[in-house]
Structures are given as structure tokens and as C-alpha cells.
Amino acid sequence: MTNGAEGTAPVAEPKGSIPTQVLELHDVTVDYGPVRAVEGFTGWVGNGEVVALLGSNGSGKSTILKAVSGLLPLTEGRIAFCGHWIQGMKPARVVRLGLVQIPQGRMVFPDQTVEANMFLGGHSRGRAGKAVRDDIEELFERFPRLADRRRQLAGTLSGGEQQMLAIARGLMARPRMLMLDEPSLGLAPIIQQQLFETLGSLASLGLGILVIEQLAHLALSIADRGYVLDRGRLVAWGTPDELRSSGKLVEAYLGSGEAAGRGSG
Ligand SMILES: Nc1ncnc2c1ncn2[C@@H]1O[C@H](COP(=O)(O)OP(=O)(O)O)[C@@H](O)[C@H]1O
Ligand SMILES: [Mg+2]
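A brief look at the structure comes next.

Overview of the overall build of the protein
Line of reasoning, step 1. Of the regular secondary structure elements, the protein holds eleven helices and ten strands.
Line of reasoning, step 2. Across the 265 residues of the protein, 50% fall into the buried class.
Line of reasoning, step 3. Contacts in the protein between residues at least 24 apart in sequence constitute 69% of all its contacts with a sequence separation of at least 6.
Line of reasoning, step 4. For the protein, the accessible surface area stands at approximately 12,100 Å², while carbon and sulfur atoms represent 52% of it.

Things to note about helix H7 (residues 189-204)
Line of reasoning, step 1. For H7, with 16 residues, the first-to-last C-alpha span of 23 Å sits near the 22 Å given by 1.5 Å per residue.
Line of reasoning, step 2. If you check which residues of H7 are buried, you get Gln 192, Leu 195, Phe 196, Thr 198, Leu 199, Leu 202 and Ala 203. Down the axis of H7, the buried side of the element spans an arc of 150°, and every buried residue falls inside it. Along H7, the residues that are exposed and aim more than 90 degrees away from the buried face are Ile 190 and Ser 204.
Line of reasoning, step 3. On its buried face, H7 sits against strand S3 (50-54), helix H4 (129-142), helix H6 (159-171), strand S7 (177-181), strand S8 (208-212) and helix H8 (216-220).
Line of reasoning, step 4. Positive backbone phi, approximately 110°, marks Gly 206, located one or two places after H7.

Describing the pairing of S7
Line of reasoning, step 1. A large share of S7 lies buried, amounting to five of its five residues.
Line of reasoning, step 2. Side chains of S7 alternate between two faces, with Met 177, Met 179 and Asp 181 and Leu 178 and Leu 180 buried alike.
Line of reasoning, step 3. Relative to S7, strand S6 (residues 99-102) runs parallel, the two sharing four bridges. Residue pairing across strands places Gln 101 opposite Met 179, the latter belonging to S7.
Line of reasoning, step 4. Relative to S8, S7 is paired through five bridges, and the arrangement is parallel. Along S8, the bridge assignment pairs Met 179 with Leu 210.
Line of reasoning, step 5. Of the crossover connections in this fold, the one passing from S7 over H7 to the parallel S8 is right-handed.

Overview of the site of ligand 1
Line of reasoning, step 1. Surrounding ligand 1, one finds Tyr 32, Ala 37, Ser 56, Asn 57, Gly 58, Ser 59, Gly 60, Lys 61, Ser 62 and Thr 63.
Line of reasoning, step 2. For ligand 1, an oxygen atom lies 3.0 Å from a polar atom in the backbone of Gly 60.
Line of reasoning, step 3. A distance of 2.5 Å is found between an oxygen atom of ligand 1 and a side-chain nitrogen or oxygen belonging to Thr 63.
Line of reasoning, step 4. No other element matches the three residues that helix H1 (residues 61-69) contributes to the shell around ligand 1.
Line of reasoning, step 5. Of the residues contributing to the shell around ligand 1, the split by class is two nonpolar, seven polar and one charged.

Some details on unusual backbone geometry
Line of reasoning, step 1. Phi at Asp 27 is positive, roughly 50°, even though this residue is not glycine.
Line of reasoning, step 2. Relative to the helices and strands, Asp 27 is located in strand S1 (residues 23-32).
Line of reasoning, step 3. Look at Asp 27 and you get partly exposed, because its relative accessible area is 47%.
Line of reasoning, step 4. Unusually for a residue other than glycine, Cys 82 sits at a positive phi of about 45°.
Line of reasoning, step 5. With respect to the element layout, Cys 82 can be found in the loop between strand S4 (76-81) and strand S5 (84-85).

With respect to the side chain of Arg 225
Line of reasoning, step 1. Inspection of the secondary structure puts Arg 225 in strand S9 (residues 225-230).
Line of reasoning, step 2. For Arg 225, the side chain forms a polar contact with the side chain of Tyr 227, separated by 2.8 Å.
Line of reasoning, step 3. When neighbours within four sequence positions are excluded, Arg 225 is seen to be in contact with Trp 44, Val 45, Glu 49, Val 50, Val 51, Ala 52, Gly 238, Thr 239 and Pro 240.

Details of the pairing of S4
Line of reasoning, step 1. Across five bridges, the pairing between S1 and S4 is antiparallel. In the sheet register, His 26 faces S4, and the bridge partner there is Arg 78.
Line of reasoning, step 2. Two strands pair when backbone bridges link them, and S4 and S5 are joined in this way by two bridges, in the antiparallel orientation. Residue pairing for S5: Ala 80 is matched across the bridge by Trp 85.

A few points about the sheet that holds S1
Line of reasoning, step 1. One open sheet accounts for four strands, arranged S2-S1-S4-S5; its pairing is antiparallel. What marks the edges here is a single partner per strand, and that holds for strand S2 (35-45) and S5.
Line of reasoning, step 2. Across the sheet, H1 lies against S1, S2 and S4, angled at about 110° from S1, the strand it touches most.

Quick notes on the pattern of salt bridges
Line of reasoning, step 1. Counted according to the given criterion, the structure contains 13 salt bridges.
Line of reasoning, step 2. Here Glu 49 ties to Arg 225 by a salt bridge, and the two come within 2.8 Å at their closest N and O atoms. Taken together, the positions of Glu 49 in the loop between S2 and S3 and Arg 225 in strand S9 put the pair 176 residues apart, joining distant regions of the chain. With respect to burial, Glu 49 and Arg 225 carry one shared label: buried.

About the cut-offs
Residues numbered from 1 in each chain as written. Chains lettered and ligands numbered in written order. Predicted model: local features only at pLDDT ≥ 70, side-chain atom pairs only at ≥ 80, totals over all residues. Heavy atoms only, no water. Helix = DSSP H or I, 4+ residues; strand = E, 2+ residues; numbered from the N terminus. Buried < 20%, exposed > 50% of the residue type's maximum accessible area, 1.4 Å probe, protein only. Contact = heavy atoms within 4.5 Å. Areas by Shrake-Rupley, 256 points an atom, 1.4 Å probe, with all protein chains shown as cover. Expected span 1.5 Å × (residues − 1). Arc of directions from axis to C-beta. Pairing = 2+ DSSP bridges. Right-handed = clockwise from strand over helix to strand, strands pointing away. Near = heavy atom within 4 Å. Polar contact = N/O pair within 3.5 Å; in protein donor to acceptor, adjacent residues only side chain to side chain. Nonpolar A, V, L, I, M, F, W, Y, C, P; charged D, E, K, R; others polar. Axes fitted to C-alpha atoms, helices over the stretch in contact; angles between N-to-C directions. Salt bridge = Lys/Arg side-chain N within 4 Å of Asp/Glu carboxyl O.

Here it is, written out as C-alpha cells:
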């Protein structure tokens, strides 16, 4: 246990019944029928914070993101986003509140141009043409590689560019928080690094970011805090330094991603 007493779940601060963080999960338990995937998870993401969700395969990370997005029902617990209790809410409503999950596997529309993909992203909050176009231009300034390829079909972009496009498209919804499930998967190490630097710069604009990552060292290079899961339970949490300084933890949960050496193109 990196922070707090052994066996004690972290409590969102300040304590109390009124949610104050961008995202708060309180004692969240999720089951797939008879299979308990997540048990009693408590954690939070603050304004402008990058928070990494770490842990080996099958530890419950994706389940947590799906529960937050409204794609899975909670067995127990509560989730607050920007002062609203969102457990049981439909996914589309969660998006409208400003919580956007970037789809896994960079689900861009391959037969549409980069620009058209961005335009489609602007519709999720029902905004009008001119405002959407202004947002696209603003994002092209932030992502110059996408600007250079604005008329190119999204399916012809490199893996890294498609991931950037998926993020830019998500930002078109003007979210207050982004969630990403293993965005570095299949990308070359240098592109993975750039991707995480981009996430860091988005957080510095005030966006909350919750990111699942197998490569713990990569996520911890930019994260403000991390939570480590093991078989559905929170086993450690804290700042990158706190997590890395626990030798046992590094060996058990944080080393595998690096050793596995995923990522090629
Ligand atoms: N649709 C499902 N039906 C039944 N069990 C599932 C389903 N999805 C995930 N699980 C189980 O829930 C646990 C957590 O899975 P998941 O959240 O995908 O883990 P992670 O993202 O950390 O790899 C695993 O034991 C997995 O087998
Ligand atoms: Mg997963």
C-alpha cells in the first residue's frame, strides 16, 4: 500500500457528500453476471490532472472506464462527474455533460477525410456549423500534423496520426474530461511518448484525464497520480514517485509493460 493505511480505500478530498472533484468514484463494484470484475473501487480525478489506471490484464481497468461512461451498470457504489451523480445515466447524457471516452483501437471513420471526422465529433453536443468550424481550426493549430492532412482520408493516416485524430475528434465535444483505454497500443515508442506529452499538455489547459496504460513507466512519466488494480481491487495509489519507490509494487505490477515491449508501428 503506497498511500494511507493498509486496506484503507482512499477517500476523495475534501470528505463529505458533495462531490468536488471532476470525477469521483465511491465504492464502485461491477459484476458481469456471476463474475465480479471490480470490487469497491474509490478514486478521483481533479481538474487538470492526468491520472493513470494501471494493473495487469484482466485487473478491471476497462470495466471501470465502461462503468463511468455508462456502458455498464454498477452493482454498488456511486460516480459523480462535475457535481452530477452519473451512475445509471445513459452514455449519451454522460458525453453531453462533458465526459468523453476516446474509443479504443482509434475508431476513426477511415473513408472520411480528417476534417470530416472532426466535424462529426462536433455533433455530439448539438452545436451549429460556424462554431464547429471555428473549433476545428483551433484544434488544427494544436495538432499541426492533422492540419497538414485535413483532406486526406483518415484510413490512410499512420497509427499515431489516427490516435491524434481520435483525440482531436473527442475534443470537438468540448469535454471537461477525457478517458482513454490503452491509447499507446500498437504505436512505436517515440509516438507513444509524443502521445503522452499531448495528454499532459491537454491537462495543463484544465482538462481532467483518466488513462489506462499497460506501459506503467510511460504513463507515470506524465501522470500526476496513479491507481494500481489487481484482480478487481485497488492495491496501491499515489504519485508516480510514491508508486515507483515501492519495490514490491514495481516488480508485481509496474514492470511487465516495459518488459513486454509492445508497440511496433
Ligand atoms: N463481457 C464480459 N463478460 C464477462 N466477464 C468479463 C467481461 N469483460 C471483462 N470480463 C472480466 O472482468 C475482469 C476485468 O476485465 P477488464 O476490465 O477488461 O480488465 P483490464 O481492462 O484490466 O484488462 C476480467 O476477469 C475479465 O475476464
Ligand atoms: Mg482493458
